[in-house]
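# Structure assessment
What follows is the residue order along each chain.
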Amino acid sequence: MTESVAKGNFIAKLDLFFESCILLGWKDSIMTLQSLWRHSGWSDDHRRMQPCMNSVIEKILIHPSQVAWSYSYTRPGYTKKQQRSAAPKDWWTEDVSELDLDIFRSIISTIRSTKKFPPALIGEALHVYAFKHLPSPLEFQEQAQSSSARTDDILNKHQRVLEAIVSMIPTEPGSVSASFLFRLLKIACYVGASTSTKAELIRRSGRQLDETTASDLLIPSTTDPRSHDISTVTAVLESFLLQFRRHMPREETERMIMSMTKVGRIYDDYLQIIASDSTLPVSKFIELAESLPEMAREEHDGLYQAIDTYLKEHAELSKAERKRLCRLIDCRKLSPEARANAIANDQLPLRTIVQLLFIEQERVGGAGGSKGAPAISTLNEFSDAMAAQDEARRFRHGLEGGHRREEPTMGARTDNTTVAPSPSEPKIAKDERKKKAEGLGDKCDNKTK
């Protein structure tokens, strides 16, 4: 069958067909590469495997305007008319996602080494591959709740795919979306991914926490699918806050403070959702609410709604526990609508309602002070504020520990519900107004005992 015997034998014709037909086509190259891999893997002598690999890579690197072959592209909103006009930059991602993991990893590694593609395009290829080869977190959750469990072989396969995808994510921020990172993090909890893989996903998710939604943060517990994995979310938040411990130029500081404000809104939305979890202890809920720095909350409407939900879902709370919860609310940071709702809320302690009435009276009388803490615009102010809050939290935890002291009065508390008198009043008048509000709150509390 070789040319040494006679001209025009089978092997020569096969080589000619392979080079003139198979390698010239896009999908033919993909299908042949996949077939060769599944037949012999890397043990092949590379007479067929390597030319197919090179053909696929060369076509991927061609400018989209020169793409003249058929390819798979099923993105929502992308019509055939658009496909005839010009190929999108990620035209190759769906067909390449059909390949086995080792071939896919080799192709992505080669493409990245050329540095011709932006990190976001590599991230899109990983996104498509993950959706093709990994079940959704919802499927894992349904499987955990059903009687039939996945076999170890399937879990090991999913773990291998997940860890490979995480290792291929470009280091540049924004190369993949925050939602995609949290999707991978949820899957990592289900498949038992390595500690290093989880740590990497937590670190990356923390850098993009301001791009998420509250639903992204809902990670079901692997031991009880009806509850939530709170420790992982806390670790992500801590990773986000670590960015503020390093030196930053002023422009980046301003951008990060804006990110902190976004995270504050997202986190309070998350608290509102998990507040309905009947198994969540009040101490854990308070710890979660306190883990967000105070300067992240420009207003406390979201925090109030979360606490209100928790109080309604946990009617068995004692009066002391309700007071501890409501101390988290800075009454001056509530909007007029939220304040009116809180005043009529019979779930709140009377002391909190008295504070709200006092602030409302000041507002109506035109004596209201500032809405909350002043804006923070420099890195030093930001670092000092975070350090002060950490110190206050440690002090409060010390009081609630083994050496519990008598609960401080309203005016002496270090939390944010202290009522500040009008700046225009003299000091004696301020003290008198504060004592009157405290005394009224204490009398109301005593009457309910």
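Residues numbered from 1 in each chain as written. Predicted model: local features only at pLDDT ≥ 70, side-chain atom pairs only at ≥ 80, totals over all residues. Heavy atoms only, no water.

A word on the overall build of the protein. A tally of regular secondary structure across the protein gives 20 helices and 0 strands. Counting the 449 residues in the protein, one finds 46% classified as buried. Of all intrachain contacts in the protein linking residues separated by at least 6 positions in sequence, the fraction that spans at least 24 positions is 71%. Roughly 23,500 Å² of accessible area belongs to the protein as shown, and the carbon and sulfur atoms make up 54% of that amount. (Helix = DSSP H or I, 4+ residues; strand = E, 2+ residues; numbered from the N terminus. Buried < 20%, exposed > 50% of the residue type's maximum accessible area, 1.4 Å probe, protein only. Contact = heavy atoms within 4.5 Å. Areas by Shrake-Rupley, 256 points an atom, 1.4 Å probe, with all protein chains shown as cover.)

Moving on, we come to the packing of helix H2 (residues 26–40) against helix H3 (residues 49–61). At a closest axis distance of 9 Å, the pairing of H2 and H3 adopts a crossing angle of 145°. Crossing geometry of H2 relative to H3 is assigned as left-handed. Only Met-49, Cys-52, Met-53, Ser-55, Val-56, Lys-59 and Ile-60 of H3 make contact with H2, whose side of the interface consists of Trp-26, Ser-29, Ile-30, Thr-32, Leu-33, Leu-36 and Trp-37. When grouped by side-chain class, the residues that make up the contact of H2 with H3 number 10 nonpolar, 3 polar and 1 charged. (Axes fitted to C-alpha atoms, helices over the stretch in contact; angles between N-to-C directions. Left-handed = near helix turned anticlockwise from the far one by under 90°. Nonpolar A, V, L, I, M, F, W, Y, C, P; charged D, E, K, R; others polar.)

Applying the stated criterion across every chain yields a total of 12 salt bridges. Arg-105 serves as the salt-bridge partner of Asp-102, at 3.2 Å between the closest nitrogen and oxygen. Of this pair, Asp-102 and Arg-105 both sit in helix H6 (residues 101–114), separated by 3 residues, roughly a single helical turn. Residue Lys-312 pairs with Asp-308 through a salt bridge whose shortest N-O separation is 3.2 Å. Here the residue Lys-312 and the residue Asp-308 both occupy positions in helix H15 (residues 301–313), the gap between them amounting to 4 residues, near one helical turn. Judged by relative accessible area, which is 9%, Asp-308 ranks as buried. (Salt bridge = Lys/Arg side-chain N within 4 Å of Asp/Glu carboxyl O.)

On to the side chain of Ser-239, then. Position of Ser-239 relative to the elements: it lies in helix H12 (residues 230–242). Apart from the residues lying within four places of it in its own chain, the contact partners of Ser-239 are Ile-202, Arg-203 and Gly-206.

Right, let's get into helix H11 (residues 195–207). What sets the pattern is the α-helix's 3.6 residues per turn: residues three or four places apart point alike. For H11, with 13 residues, the first-to-last C-alpha span of 19 Å sits near the 18 Å given by 1.5 Å per residue. Within H11, the full set of buried residues consists of Thr-197, Leu-201, Ile-202, Arg-204, Ser-205 and Gly-206. (Expected span 1.5 Å × (residues − 1).)

Attention shifts here to the confidence of the model for the protein. Reading predicted coordinates in detail is not appropriate for stretches of low pLDDT. Taken as a whole, the protein shows an average pLDDT of 80; of its residues, 71% reach a score of 70 or greater. Counted against residues more than four places away or in other chains, residues 368–379, with its pLDDT under 50, gives 26 contacts. Every residue in residues 402–430 is under pLDDT 50, and counting partners more than four places away or in other chains gives 50 contacts. (pLDDT = per-residue confidence, 0-100.)

For the rest of this paragraph, the subject is the environment of Ile-108. For Ile-108, the position within the fold is in helix H6. The exposure class of Ile-108 is buried, given its relative accessible area of 0%. Distance from Ile-108 to Ile-122, taken between C-alpha atoms, is 7.4 Å for residues 14 residues apart in sequence. Setting aside residues up to four positions removed in sequence, Ile-108 forms contacts with Trp-92, Ile-122, Ala-125 and Met-168.

Here the focus is the packing of aromatic side chains. Enumeration over the complete set of coordinates arrives at 9 aromatic pairs. Ring geometry for Phe-285 and Tyr-310: centres 4.7 Å apart, planes at 25°, overall stacked. With a gap of 25 residues between them, Phe-285 in helix H14 (residues 282–290) and Tyr-310 in helix H15 connect regions that are remote in the sequence. In this structure, Lys-59 is placed above the aromatic ring of Trp-69, and the distance from its NZ or CZ to the ring centre is 5.8 Å. (Phe/Tyr/Trp six-rings, centres within 6.5 Å; stacked < 30°, edge-to-face > 60°. Lys NZ or Arg CZ within 6 Å of the ring centre and 35° of its normal.)

Another point: unusual backbone geometry. Excluding glycine, residues mostly carry a negative phi; peptide bonds, for their part, are mostly trans. Not every positive phi belongs to a glycine, and Lys-115 is a case in point at roughly 60°. Summarising the element assignment, Lys-115 is placed in the loop between H6 and helix H7 (119–133). Residue classification places Lys-115 among the exposed positions, given a relative accessible area of 74%.

Two quantities define a packed helix pair, namely the angle between the helix axes and the distance between the axes. Interhelical geometry of H7 versus helix H9 (residues 152–168) gives an angle of 170° and a closest axis separation of 10 Å. On the basis of their axis angle, the class for H7 and H9 is roughly antiparallel. Residues Ile-122, Leu-126, Tyr-129, Ala-130 and His-133 of H7 lie in contact with H9, whose contacting residues are His-158, Val-161, Ile-165 and Met-168. Of the residues assigned to the contact of H7 with H9, the class counts are 7 nonpolar, 2 polar and no charged. (Parallel < 35°, antiparallel > 145°, perpendicular 65-115°, else oblique.)

Attention shifts here to the side chain of Arg-332. If you trace the backbone, Arg-332 turns up in the loop between helix H16 (319–326) and helix H17 (336–343). Given a relative accessible area of 12%, Arg-332 falls into the buried group. There is a polar contact of 2.7 Å between the side chain of Arg-332 and the side chain of Glu-362. (Polar contact = N/O pair within 3.5 Å; in protein donor to acceptor, adjacent residues only side chain to side chain.)

A separate point is the nonpolar core. Ranked by size, the top nonpolar core spans 104 residues in total, and within it Trp-92, Ile-107, Leu-184 and Leu-325 carry the most contacts. If we skip the residues at most four places from it in the chain, Leu-325 touches Val-282, Phe-285, Ile-286, Ile-307, Tyr-310, Leu-311 and Leu-317. (Core = buried A, V, L, I, M, F, W, Y, C linked by side-chain atoms within 4.5 Å.)

Within the secondary structure layout, His-228 lies in the loop between H11 and H12. For the pair His-228 and Leu-217, spaced 11 residues apart in the sequence, the C-alpha separation amounts to 9.4 Å. Ignoring sequence-local partners within four residues, the contact set of His-228 consists of Leu-218, Ile-219, Pro-220, Ser-221, Ile-274 and Asp-277.

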